[in-house]
Amino acid sequence: MTRGVQQAQRLKTRIAQALAQWQVQGRGPTHLISSDLLRAQQTAQPVAEVLGQTCILNASLREQCFGVFEGLRSSDIQAQHPKAWQRWLAFDADLAVDGAETTRAFHARVMVALHDLATHHVGEHVVVVTHGGVLDMVWRHAQALSLSGPRVCGIPNAGLNQVAWRDGALHIQVWADAAHLADLPEQPTYNQKCLLAARGQTHQGRVA
């Protein structure tokens, strides 16, 4: 069993536990909505089994488009697109490499998607399966943070987050709950601050 499958199965168990509590509170989920990218669908499927619902796919919940970087590891990007990689590490909300989506455009897409969900499901409890970049936009928006700069919030794979849309605004209730993953091997994380630190060490080495 791959690590991703293990994480998805643990999330299934965690959702099953939460479901019992939600039902007691009278707020059982009415819909399960997922990004249409395969990795999100694979995580959503076990959740669908618990909820007894068909997963609704929504392309607006996709991860940010990274253009020429798509499908490449960071080491491959540095080797194949060194200048574009350095531009990317500026984490400028209005900058994008060839074929990519700027963070500002990405944020706008995510917020429109969430607003549409909130509008169409007023008073309902909806479960959404999406990606780290989307969650980063949710965090920044809810905390009124700049769209530029490296990510500052924790976003574990298969973690559980709960947000509410009230009075036209996002409110974070639970963030990065990963207790159900605690005894699994430590998962690799996309740490933008570490990328910046590595760049600084490289530059120092070149100067020396």
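About the thresholds
Residues numbered from 1 in each chain as written. Predicted model: local features only at pLDDT ≥ 70, side-chain atom pairs only at ≥ 80, totals over all residues. Heavy atoms only, no water. Helix = DSSP H or I, 4+ residues; strand = E, 2+ residues; numbered from the N terminus. Rg over C-alpha atoms; globule rule 2.2 N^0.38 Å. Buried < 20%, exposed > 50% of the residue type's maximum accessible area, 1.4 Å probe, protein only. Contact = heavy atoms within 4.5 Å. Polar contact = N/O pair within 3.5 Å; in protein donor to acceptor, adjacent residues only side chain to side chain.

Right, let's talk about the overall build of the protein for a bit. Scanning the protein from terminus to terminus reveals seven helices and five strands. Counting from the amino terminus, the protein carries its helices and strands in the arrangement α-β-α-β-α-α-α-β-α-β-β-α. A globule of 208 residues ought to have a C-alpha radius of gyration of about 17 Å, and the protein, at 18 Å, matches this closely. Its C-alpha atoms give the protein principal-axis dimensions of about 65 × 40 × 25 Å. Expressed as a percentage of its 208 residues, the buried residues of the protein come to 37%. Look at the contacts in the protein between residues 6 or more apart in sequence, and 64% of them connect residues 24 or more apart.

As a further point, take the side chain of His125. Within the secondary structure, His125 sits in the loop between α5 (103–120) and β3 (126–129). For His125, the side chain forms a polar contact with the main-chain oxygen of Arg27, separated by 2.7 Å. If we ignore the near neighbours within four places in the chain, the residues touching His125 are Trp22, Arg27, Gly28, Pro29, Thr30 and His31.

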